[in-house]
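Observations on chain architecture
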Amino acid sequence: MDPVSSHSKWAVDIEETQGHKVDFPMIGDPELKSQSSTAMLPAEAGETCNGRTAADNATVRTVFVVGPDKKIKLMLSYPMSTGRNFDEVLRVVDSMQLTAKHKVATPVNWKQGDDVIFLRAFRKTKAKQKYPDGWKSPRPYLRIVPQPK
């Protein structure tokens, strides 16, 4: 919600204290337009970031993943007292890229290289062509295969 110049200072702090460079885009919103349109701040939050403190901004700790279609694909909101989990953000991005490319789904706690679920939209004949080695099926609706490369 601050100007990008403030975020840039924060990025330097992150690199110096955590040992990781922030290399993703940051959005500035000093007029609080995105926060008010997404209900991330209360209505009485005002119309500018000027004069606001970290306590005033406590509700704005959200990570957005925006897809190539410019639509929000993921929002993770954290309390101010809890750091964001970048491993989880990267896991979700990996999953979203994999599932878009290969028409599969990833199960809970999936990590890169783990088995995936192929979609029910595949009829058996097409599934046998795509996965000639077969699949595990602990339930009729659940078909598990190795992660596509």
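Here goes a summary of the coordinates provided. All of these numbers come straight from a predicted model, not from anything done at the bench. (Residues numbered from 1 in each chain as written. Predicted model: local features only at pLDDT ≥ 70, side-chain atom pairs only at ≥ 80, totals over all residues. Heavy atoms only, no water.)

1. Here we look at the packing of aromatic side chains
Summed over the entire model, instances satisfying the criterion amount to two aromatic pairs. Taking the centre distance of 4.7 Å and the plane angle of 25° together, the rings of phenylalanine 118 and tyrosine 131 count as stacked. Taken together, the positions of phenylalanine 118 in strand β4 (residues 116-118) and tyrosine 131 in the loop between α4 (124-130) and β5 (136-139) put the pair 13 residues apart, joining distant regions of the chain. For the pair phenylalanine 118 and tyrosine 131, one class covers both residues: buried. With a centroid separation of 5.0 Å and 75° between ring planes, the pair formed by phenylalanine 118 and tryptophan 135 is classed as edge-to-face. In this pair, phenylalanine 118 is assigned in strand β4 and tryptophan 135 in the loop between α4 and β5, connecting sequence segments 17 residues apart. (Phe/Tyr/Trp six-rings, centres within 6.5 Å; stacked < 30°, edge-to-face > 60°. Helix = DSSP H or I, 4+ residues; strand = E, 2+ residues; numbered from the N terminus. Buried < 20%, exposed > 50% of the residue type's maximum accessible area, 1.4 Å probe, protein only.)

2. So, the nonpolar core
Within the largest apolar cluster, nine residues are counted, these being Leu98, Val104, Trp110, Val116, Phe118, Phe122, Ala127, Tyr131 and Val145. If near-sequence neighbours (up to four positions away) are discounted, leucine 98 is found in contact with Lys103, Val104, Thr106, Trp110, Val116, Gln147 and Pro148. Counting seven residues, the second largest nonpolar core, distinct from the first, contains Val63, Val65, Tyr78 and Val89. (Core = buried A, V, L, I, M, F, W, Y, C linked by side-chain atoms within 4.5 Å. Contact = heavy atoms within 4.5 Å.)

3. Quick look at the pairing of strand β1 (residues 62-66)
As paired elements, β1 and strand β2 (residues 72-77) share five bridges and run antiparallel to each other. Looking across to β2, one finds that threonine 62 is bridged to serine 77. Turn length for the β1-β2 hairpin, with the two strands adjacent in sequence and antiparallel, is five residues, and the turn residue lysine 70 shows positive phi of about 70°. (Pairing = 2+ DSSP bridges.)

4. Digging into the layout of surface pockets
To find leftover empty space, a probe the size of one water molecule is rolled over the atoms. Looking at the second largest pocket, its volume works out to about 170 Å³. Lining the second largest pocket, in full, are Val65, Val66, Gly67, Pro68, Lys73, Val93, Met96, Gln97 and Ala100. Only β1 and α3 (86-102) provide two or more residues apiece to the lining of the second largest pocket. For the lining of the second largest pocket, the element with the most residues is α3, which contributes four residues. In the lining of the second largest pocket, the residues fall into six nonpolar, two polar and one charged. (1 Å grid on protein atoms, 1.4 Å probe; cavity = no way out; pocket = protein on both sides within 12 Å on 5 of 7 lines; lining within 4 Å. Points joined across faces, edges and corners; volume = space filled by probe spheres on them. Nonpolar A, V, L, I, M, F, W, Y, C, P; charged D, E, K, R; others polar.)

5. Remarks on a nonpolar patch on the surface
On the surface, Phe64, Val66, Ile72 and Met75 cluster together to form a nonpolar patch covering roughly 360 Å² of accessible area. Looking at the nonpolar patch, the elements that each hand over two or more residues are β1 and β2. Considering the arrangement of structural elements, one finds methionine 75 in strand β2. (Patch = residues over 30% accessible without salt bridge, like charges linked within 9 Å, V, L, I, M, F, W, Y side chains within 5 Å. Areas by Shrake-Rupley, 256 points an atom, 1.4 Å probe, with all protein chains shown as cover. Salt bridge = Lys/Arg side-chain N within 4 Å of Asp/Glu carboxyl O.)

6. Comments concerning helix α1 (residues 4-18)
In this model α1 runs 20 Å from its N-terminal to its C-terminal C-alpha over 15 residues, within 8% of the 21 Å that 1.5 Å per residue would give. Glycine 19 occupies a position one or two residues after α1 and carries a positive phi of about 80°. (Expected span 1.5 Å × (residues − 1).)

7. Considerations on unusual backbone geometry
Positive phi outside glycine occurs at lysine 70, with the angle close to 70°. Structurally, lysine 70 can be placed in the loop between β1 and β2. Of note, lysine 103 is a non-glycine position whose phi angle comes to about 55°, a positive value. Examined against the element boundaries, lysine 103 turns out to sit in the loop between α3 and β3 (104-105).

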